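# Structure at a glance
So the chains spell out like this:
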Amino acid sequence: MIEPAPNRVKDLGLLSQRDNELFPYPSSPEEWMSFALSVEQVAHFKEHGYLKGVRILNDRQIGQLGEELGEMVDPNHTGKEFFYEYHSNESENSEEVLFHALGAWRVRPAFHDLLWNPAFLMPAYQLLGSDFRLFHDQLFSKPAKHGGVVAWHQDYSYWTWTTPMSHLTCWIGLDDATTENGCMYYVPGSHNWGLLDKKPIAGDMDAIRDSLTSEQVKQFDNKIPVEVKRGEASFHHPLLMHGSYENRSERRRRATLINVFADGVVSNRKDGGTHAPGAKGYPSIPAGEAMGGTYYPLLFEAQRELRELTSQLPLIN
Ligand SMILES: O=C(O)CCC(=O)C(=O)O
């Protein structure tokens, strides 16, 4: 008897554009403007290094993403080979579980099309001040009762194999995130500290401490919890210090992130392109070449979408 073909999924990264109607796409510059951040929101990001409480998803979209995430946390799911990194528990301690994976956009359709969600694209354009490309996405999921920490860090400390530093992170809650279930914390203003050492992302929350000045240690007293409702996002600067504590509550805490960079950022791989620190599983671009092509798609071009309205938009610069 002939065995049935294994149930395989295709690499969704090979699609150069959005593929379904889960995230309706604006058909005019005016429609795009309904997603724009205000002058005050852009100014808040510039001063403090973050902006929270931006509505990104509706209930239907959250439901679809949640269902697909449920499939992907099973290490035997189809398409797992397309992830750049996949850790069922990055902490390696079964009492402190942190599911963390990069590359879901290549594995499941809602995560693919989320990248072209106008409610994300428009604010991202305003906070970067430039047309931009996908760097990668991320999943961070903490189970109820024994969810682990994400150690204090600056995102760019993992990304020095790309330059210049013209990057942005969008963190999107798939559950309400509160201090009880391990929401993120920010240190406002820390985007002005300059680049600090890279530390392991899981396990020791305070590993960064020995790299800080006494003044920076004091500024941790001003840290703020980033409590968000499911479907809301927070955006942060690539040097903003952030992390999240354990989840000992009865509620899980799931999030998905989109990391983007300005069009024109180049590869800074020191080794000719294969084993740069932090870059191992990522689609390879030789040192000195602009990051682009199939796996770093251009997500937003202002002149094309906004035309004459481009000049009316509050931008970071
Ligand atoms: O989800 C978390 O707790 C941390 C996320 C994170 O490190 C980030 O947004 O860069």
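Residues numbered from 1 in each chain as written. Predicted model: local features only at pLDDT ≥ 70, side-chain atom pairs only at ≥ 80, totals over all residues.

### Points about the overall build of the protein chain
A count of helical and extended segments in the protein chain gives seven helices and 14 strands. For 317 residues, the compact-globule estimate of 2.2 N^0.38 gives 20 Å, and the C-alpha radius of gyration of the protein chain, at 19 Å, lies within 12% of that figure. For the protein chain, with 317 residues in total, the buried portion stands at 41%. Residue pairs in contact within the protein chain that sit at least 24 positions apart in sequence constitute 85% of those at least 6 positions apart. (Helix = DSSP H or I, 4+ residues; strand = E, 2+ residues; numbered from the N terminus. Rg over C-alpha atoms; globule rule 2.2 N^0.38 Å. Buried ≥ 20, exposed ≤ 12 C-beta atoms within 10 Å, placed from the backbone. Contact = placed C-beta atoms within 7 Å.)

### Quick word on the site of the ligand
Every residue near the ligand is listed here: F140, V150, D155, T169, W171, M184, H242, S244, A255 and L257. Elements supplying a minimum of two residues to the shell around the ligand: strand 7 (167-173), strand 11 (242-244) and strand 12 (253-262). Tallied by class, residues from the shell around the ligand come to six nonpolar, three polar and one charged. (Near = placed C-beta within 6 Å. Nonpolar A, V, L, I, M, F, W, Y, C, P; charged D, E, K, R; others polar.)

### Quick word on unusual backbone geometry
The step from T163 to P164 runs through a cis peptide bond, and the omega angle for that step is 0°. For R307, which is not glycine, the phi dihedral falls at a positive 45°. Inspection of the secondary structure assignment puts R307 in the segment after helix 7 (302-306).

### Regarding the confidence of the model for the protein chain
Chain-level pLDDT for the protein chain is 93 on average; 95% of the residues reach the 70-or-more range. Segment residues 1-5: pLDDT under 50, and zero contacts once partners within four positions in sequence are set aside and those in other chains are kept. (pLDDT = per-residue confidence, 0-100.)

### Quick look at the sheet that holds strand 5 (residues 150-153)
Spatial ordering of the open sheet is given by 5-11-8-9, a layout of four strands whose pairing is antiparallel. Unpaired on one side and paired on the other, strand 5 and strand 9 (224-226) mark the two borders of the sheet. Sheet twist, expressed as the average angle between the axes of neighbouring strands with direction ignored, equals 30°. In this sheet, strand 11 lies alongside strand 5 in antiparallel orientation, the contact comprising two bridges. Bridge pairing in strand 11 links V150 to S244. (Pairing = 2+ DSSP bridges. Axes fitted to C-alpha atoms, helices over the stretch in contact; angles between N-to-C directions.)

### Here we look at the nonpolar core
Generally speaking, a soluble globular protein has its nonpolar side chains buried in company with each other. Counting 72 residues, the largest nonpolar core has A124, C170, F235 and V260 as the members making the most contacts within it. In terms of residue count, the dominant contributor to this core is helix 5 (residues 118-128) (eight residues). Discounting residues that sit within four places of it in the chain, C170 has contacts with F120, A124, A233, F235, L257 and I258. If you look at the next biggest cluster of nonpolar residues, it comprises five residues, including Y156, W159, W161 and Y282. (Core = buried A, V, L, I, M, F, W, Y, C linked by C-beta atoms within 7 Å.)

### Regarding helix 5
The buried fraction of helix 5 amounts to ten of the eleven residues, a majority that puts the element mostly inside the structure. Looking one or two residues past helix 5, G129 carries a phi angle of roughly 75°, positive in sign.

### Some details on the environment of L257
Note on placement: L257 falls in strand 12. Sequence spacing of L257 and L102 is 155 residues, and the spatial spacing of their C-alpha atoms is 9.2 Å. Once residues lying within four places of it in the same chain are set aside, the contact partners of L257 are D137, Q138, F140, T169, C170, W171 and I172.

### Here's the deal with the environment of P286
Residue placement: P286 occurs in the loop between strand 13 (266-267) and strand 14 (298-300). By C-beta crowding, P286 is classed as exposed, having 11 other C-beta atoms within 10 Å. In this structure the C-alpha to C-alpha distance between P286 and L139, which are 147 residues apart in sequence, comes to 27 Å.

### Here we look at helix 3 (residues 59-72)
An ideal rise of 1.5 Å per residue puts 20 Å on 14 residues; helix 3 measures up with 20 Å between its terminal C-alpha atoms. Restricting attention to buried positions, one finds in helix 3 the residues Q61, L65, E68, L69 and M72. Considered in projection along helix 3, the buried side chains sweep an arc of 105° and stay on one side of the axis. For helix 3, the exposed residues set more than 90 degrees away from the buried face come down to D59, R60, E67 and G70. At its buried positions, helix 3 is contacted by strand 3 (99-102), helix 4 (109-114), strand 4 (132-142) and strand 12. (Expected span 1.5 Å × (residues − 1). Arc of directions from axis to C-beta.)

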